[in-house]
Amino acid sequence: MPREIFQDKDNLNQRYHRKRALYLAHIAQHFSKEKLFGSVKFAYMNSNHLKPILLLRPQGKDEKMVTVRLHACPAPGLFKPIRFYPSKNNVRTAWFMEQSTPKEGATEPPTPHYNNSILCDTVLLSHLQFLSSAATDFPGMKDGLALLKVWLNQRQLSKGLGSFSGFLASMLVAYLLMKRKIVKMMSGYQVLRSTLQFLATTDLSVTGISLVKDADASLPVLDDFHQAFEVVFVDPSGLVNLCADMTASKYHQVQFEAKRSMEILDDRMVDGFQVLLMTAKPMLRAFDHVFHLKHVSKLQGACKKMQLLNELMDRGGNYVAAALPFIVSLLARGLAGRALLVAHSLPEIPEWPIDAEPPKHKDVGPLMFGLLFVPEFAASLLEKGPQADHPEALDFRTFWGEKSELRRFQDGSICEAVVWEADTVYQKRLIPEQIVKHLLKLHADIPESSICYMGALLESVIRTGQEVSGTGEEAMVSVVCSYDDLSRKLWNLKGLPLTVTAVQGVHPALRYTDVFPPIPMKPIYSSYNRIRTKHLLLPLEEKPCPAYIAPLKIVCHMEGSGQWPQDKGAIKRIKAAFHLQLAELLQQQHQLVCRPAVTHTDVYKDGYVFRLQVAYHRETLILKEVVTPEGMLKYQDTEESRQLELETLHLPYLTSSLHGLQQQHPVFGSTCRLAKRWVSAQLLSNNISEECVDLLVAFLFLHPAPFTPPSSPQVGFLRFLDLLATFDWKNNPLIVNLNAGLTDADCTEIKNRFVAARSRLPVMFIATPKDQWSSMWTQEQPSAQILQRLLMLASESLRAVEEQLMDPLNSQDVKMVFRPPLEFYDVLIHLNPTQIPRHLESVDRPLKSFSRGVVKNSTSVKILFPVVDYDPVQCYLQELRDAFSDLALFFYDKHGGEVIAVLWKPLSFQPQPFKVSSMKGRMVTTLNSELVCVPNVEAILEDFEVLGEGLVKSVEARTEKWTI
């Protein structure tokens, strides 16, 4: 800009900024008439509203490719630098407050951000020269910076007001070069590593750095900058702070990310490149809880309440920029000890056409905050303050307001303390929400209605029953306690011919991952038909189907002995005898109601039904014996031996490993339950095993890179969907390193063998320490088509949920992704709700519920045994699959779904030559004067109704696809 347009004292009261804006507007008007440009727009430099810049784009198809940014800067030597030191004032209070005369004797506050914004314009050229001299003869700098910028972009750190921009990264690399932390011989990767290492170990909000080579006594020192700004990085002129707009919290986030990235680069088990540079870290998936400040305009009131007039003057009236650092440090103090990190999104203002009104401060849209928890302390009920007679007690009281009260502790001390209300695990997880809302209301006048807290919106789908407060963690714990007690009783049973060597749980509830944990119950006799002689209850036809009672399966290993027979038939009989004897002894010694059967014994205890199954360790070996025609004995896997091995060896190991994982990560179980609820809601629970989903979720906790392990079920669920949708199932095995049982070499070997044998392996391959080569949980299921469907549903669900969680202004109906799209199926079989025992578990709570013939009760001892594991819908499905599996696939949500969806198999609709043996479900017709068989769809649909009489309400044919 030419000298002539400036006068003395243009450094004061935004005169420089306004002239600069006028100058740019004049140029913009001139350019808008030129044919050369496709578009001429305004934008703010780094979203700072005092500094507009001009964006020019060429005409035609290049418009999206090229943007020229015009910055206006003053002629060199126009301003004296000494006027803009951080401690100087250049905005007069009287002018800012629009008063005619200044107050007598009032001192003017310093305006460091304002001063910095003018100084930035005076050093643009010198920065360019400084960087180009650093980059000469240094090819690694260009590559290293490209990597660094990708790293910053993936973490959403590089755009907006106070961002860690690419320019800042370049200056940092130049600083490290000046300090000889980097040399010009280094490759791009080494530049990236050295820069991350520096960021991880240096806190610029405490010890700033400066690019000044020869210190001049007249320049401001680092301490002056620290008093004025939160983060300090001084440019080569010694006048400009390059991090002026950055909040300390944003720098701490950069520092945290750098530390995490260094750990990942040093971890041999992780593909660092893929994880650090190719994986995006949006706030929703990176932080355990997020919340939005819906109406940014509420920060005006916050500035009043916090008395931030000086900051507002300094920031030219931008109340978002003025209040944000204070809001964040307020939250960080309130959540200290609970949160590792309190981060905020960067306010970003979009560009606008030159003939439109410029955006207002509130146009940055909702501000988003992210909390990353310390899992051990995030949910603690107590904030313990200083002792009542200490001077800090007053400070504690003013900080927490009326929530603070005096309490006496067990050691006799009387302290200030804050106690939060929360009864269930679910409510304890939301204590940070109470803290955030309380502090923002108390100190910043931000009403609760302006805060949209997104910490646990999804968890409503795993709530059971009417009690709204919990999500079933307590029920899970009581099941496990009851099981522990039963296993102790089994260990100590007297009178068994052989002792029990191990008791192992196999049911998902015993590893905390059962979607709806069993609830202790006792039957109401009036709803049943009694068979007195056998102490049994049978459901009555005219009553609704009784509640589903899940048998909790337990494997009882008996000690080995020479007395065990070596014949498989005989072993089964001995086991049956053990089942009888166990029932008898438990009844005699512990008064437990038992019901023995040949393959198991059911035990009713504390309102639960446990199913004991005796195992003998050599039985699998005996089942593998095959006698060849030559009379040789050889061992090979049979279907029966595989099944037994799965039930008595692999499943107990998996259950105990995942039980251990739950002890380390308290939200593991709830995350699994959300994931399984989603799979089931998509009608796919029959096509992917529970164990498989549990292992996928375990992978997120054991190998969370580039994130930290989830500390809330919701963020775990979002990452589960992301893992499903983005993992390269075709070319990679998913290695879940349970109990750290695999070494680096093992993983490499698994990968190599996987690549060599890919075509023979299941489409979804999961390796664990005890199962490195066979991927037993995905052996049969899912098929390639089902996996494809699952991946598509996962990526769509993730997109939909994240869109809802990012949009606080609309109502969040997050259950949307738990409602399956049905237009994809050919036939829908509608069921009668009275006959669906788990009807209450459906995603949308049914309006009317039926009496299911049980009451909640965990203390009754003497009962008649109801029918266990009875779900008529599952029996019906089994009959359908047995009868029509060659013609159709059947899909159902086992948690209270009211619809069975049917998909015809396209191959079965091709006309087949007429054979008497293959006439099942087909009819004869003539095609080109030949007799052929085609499926008799109308008769099949009628069969669906006949088979499910009393259970099926109606059969709806959706498509005409099957007309030949």
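Analysis parameters
- Residues numbered from 1 in each chain as written.
- Predicted model: local features only at pLDDT ≥ 70, side-chain atom pairs only at ≥ 80, totals over all residues.
- Heavy atoms only, no water.
- Helix = DSSP H or I, 4+ residues; strand = E, 2+ residues; numbered from the N terminus.
- Buried < 20%, exposed > 50% of the residue type's maximum accessible area, 1.4 Å probe, protein only.
- Areas by Shrake-Rupley, 256 points an atom, 1.4 Å probe, with all protein chains shown as cover.
- Patch = residues over 30% accessible without salt bridge, like charges linked within 9 Å, V, L, I, M, F, W, Y side chains within 5 Å.
- Salt bridge = Lys/Arg side-chain N within 4 Å of Asp/Glu carboxyl O.
- Lys, Arg positive; Asp, Glu negative; His and termini not counted.
- Charge placed at Lys NZ, Arg CZ, Asp CG, Glu CD.
- UniProt positions renumbered as here; feature names shortened; annotations may be inferred.
- Pairing = 2+ DSSP bridges.
- Contact = heavy atoms within 4.5 Å.
- Axes fitted to C-alpha atoms, helices over the stretch in contact; angles between N-to-C directions.
- Core = buried A, V, L, I, M, F, W, Y, C linked by side-chain atoms within 4.5 Å.
- Parallel < 35°, antiparallel > 145°, perpendicular 65-115°, else oblique.
- Nonpolar A, V, L, I, M, F, W, Y, C, P; charged D, E, K, R; others polar.
- Left-handed = near helix turned anticlockwise from the far one by under 90°.
- Phe/Tyr/Trp six-rings, centres within 6.5 Å; stacked < 30°, edge-to-face > 60°.
- Lys NZ or Arg CZ within 6 Å of the ring centre and 35° of its normal.
- Expected span 1.5 Å × (residues − 1).
- Polar contact = N/O pair within 3.5 Å; in protein donor to acceptor, adjacent residues only side chain to side chain.

### Examining the overall build of the chain
- A count of helical and extended segments in the chain gives 28 helices and 33 strands.
- The principal-axis extent of the C-alpha atoms belonging to the chain is close to 105 × 90 × 60 Å.
- Per-residue burial over the chain gives 53% buried out of 964 residues.
- Element-wise, carbon and sulfur atoms account for 54% of the exposed surface of the chain, whose accessible area totals about 45,100 Å².

### Side note on a negative patch on the surface
- There is a patch of like negative charges on the surface, built from Glu938, Glu942, Asp943 and Glu945.
- Looking at where Glu945 falls in the secondary structure, it is placed in helix α28 (residues 937–947).

### Some points on the UniProt feature "domain: Nrap protein" (unreviewed entry) in the chain
- Mapped onto the present numbering, the UniProt feature "domain: Nrap protein" (unreviewed entry) falls at residues 1–135, 141–279, 284–444, 459–663, 665–820 and 822–955.
- Helix makes up 53% of residues 141–279 and strand 3%, and the two end C-alpha atoms of the span are 23 Å apart.
- Taken end to end, residues 284–444 is 38% helix and 22% strand, and its two terminal C-alpha atoms sit 25 Å from one another.

### Re the sheet that holds strand β1 (residues 37–44)
- Ordered in space as β3-β2-β1-β8, the four strands form an open sheet in which the pairing is antiparallel. Sheet topology places β3 (68–70) and β8 (352–353) at the edges, where each strand pairs with a single neighbour.
- Sheet topology places β1 next to strand β2 (residues 52–58); seven bridges connect them, and they run antiparallel. Paired with Phe42 across the bridge in β2 is Leu54.
- The strands touched by helix α1 (residues 15–32) are β1, β2 and β3; relative to β2, the strand with the most contacts, the crossing angle is about 15°.

### Things to note about the nonpolar core
- Judged by nonpolar contacts, the single largest core of 116 residues is most densely connected at Phe164, Phe233, Phe291, Leu299, Ile327, Phe369 and Leu440.
- When residues no more than four places from it in sequence are discounted, the contact partners of Leu299 are Leu293, Tyr319, Val320, Ala323, Ile327, Leu367 and Ile446.

### Focus: the packing of helix α23 (residues 690–702) against helix α24 (residues 713–726)
- Put simply, α23 and α24 touch, their axes get as near as 10 Å, and they point 105° apart. Taken together, the axis directions place α23 and α24 in an arrangement best described as roughly perpendicular. For the pair α23 and α24, contact is made by Val693, Leu696, Val697, Phe699 and Leu700 and by Gly716, Arg719, Phe720, Leu723 and Leu724, respectively.
- Residue composition of the contact of α23 with α24, grouped by class: eight nonpolar, one polar and one charged.

### Concerning the pattern of salt bridges
- If you walk through the whole model with that rule in mind, you get 36 salt bridges.
- One salt bridge connects Arg333 with Asp395, and the closest N-O pair in it is separated by 3.3 Å. With Arg333 in helix α14 (residues 319–334) and Asp395 in helix α15 (residues 392–400), this residue pair connects regions lying 62 residues apart in the sequence.
- Residue classification places Asp395 among the partly exposed residues on the basis of a relative accessible area of 40%.

### A look at the packing of helix α5 (residues 139–154) against helix α7 (residues 188–201)
- Interhelical geometry of α5 versus α7 gives an angle of 55° and a closest axis separation of 7 Å. Here α5 is positioned oblique relative to α7, judged by the angle of their axes. Seen from above, α5 lies across α7 with right-handed handedness. From α5, Gly140, Asp143, Gly144, Leu147, Leu148 and Trp151 reach across to α7, where they touch Gly188, Tyr189, Val191, Leu192, Thr195 and Leu196.
- Broken down by class, the residue content of the contact of α5 with α7 amounts to seven nonpolar, four polar and one charged.

### Focus: a nonpolar patch on the surface
- Judged by side-chain polarity, Leu621, Val627, Leu633 and Tyr635 come together as a nonpolar surface patch covering roughly 380 Å² of accessible area.
- Structurally, Val627 is set in strand β22 (residues 625–627).

### What to know about the packing of aromatic side chains
- Under the defined criterion, the tally for this structure stands at 29 aromatic pairs.
- Ring plane angle 70° and centroid distance 5.8 Å describe the contact between Trp400 and Trp420, whose orientation is recorded as edge-to-face. Taken as a pair, Trp400 in helix α15 and Trp420 in the loop between β12 (414–419) and α16 (425–429) lie far apart in primary sequence, 20 residues in all. Each of the two residues, Trp400 as well as Trp420, counts as buried.
- In textbook terms, an aromatic cluster arises when at least three aromatic residues are bridged by ring pairs, as seen for Phe6, Tyr16, Phe79 and Phe84.
- A cation over a ring is seen here: Arg333 above Phe399, with NZ or CZ 4.0 Å from the ring centre.

### Quick word on the sheet that holds strand β19 (residues 593–596)
- Ordered by their spatial adjacency, five strands build an open sheet running β14-β18-β21-β20-β19, and the pairing between neighbours is mixed. Because the sheet does not close on itself, it has two edges, and the strands there are β14 (500–505) and β19. For this sheet the average axis-to-axis angle between neighbouring strands, irrespective of direction, equals 25°.
- Note: strand β20 (residues 601–605) against strand β21 (residues 608–616), five bridges, orientation antiparallel.

### Describing the side chain of Asp871
- Note on placement: Asp871 falls in the loop between β27 (854–856) and α27 (872–884).
- Asp871 sits in the buried class, given a relative accessible area of 4%.

### Regarding a positive patch on the surface
- A surface patch of positive charge is lined by Lys9, Arg15, Lys80, Arg83 and Arg92.
- One can find Arg15 in helix α1.
- A residue is classified by how much of its surface remains accessible, and Arg15, at 37% relative accessible area, is partly exposed.

### So, α23
- The end-to-end C-alpha distance of α23, which contains 13 residues, comes to 18 Å, matching closely the 18 Å that a straight helix rising 1.5 Å per residue would cover.
- Within the sequence span of α23, burial applies to Glu691, Cys692, Val693, Asp694, Leu695, Leu696, Val697, Ala698, Phe699, Leu700 and Phe701.
- Taken together, the buried residues of α23 touch α21 (639–664), α22 (668–681), α24, β24 (734–735) and β25 (766–767).

### Structural notes on the environment of Val296
- Here Val296 shows up in the loop between β6 (289–293) and α12 (298–305).
- With 116 residues separating them in the primary sequence, Val296 and Gly412 have C-alpha atoms 46 Å apart.

### Observations regarding α14
- Spanning 16 residues, α14 covers 22 Å between terminal C-alpha atoms, matching the ideal 22 Å at 1.5 Å per step.
- Burial runs high along α14: twelve of the 16 residues are buried.
- Every buried residue of α14 is accounted for by Tyr319, Val320, Ala321, Ala322, Ala323, Leu324, Pro325, Ile327, Val328, Leu330, Leu331 and Gly334.
- One side-chain oxygen at the N-terminal end of α14 lies 3.1 Å from the backbone nitrogen of Val320; it belongs to Asn318.

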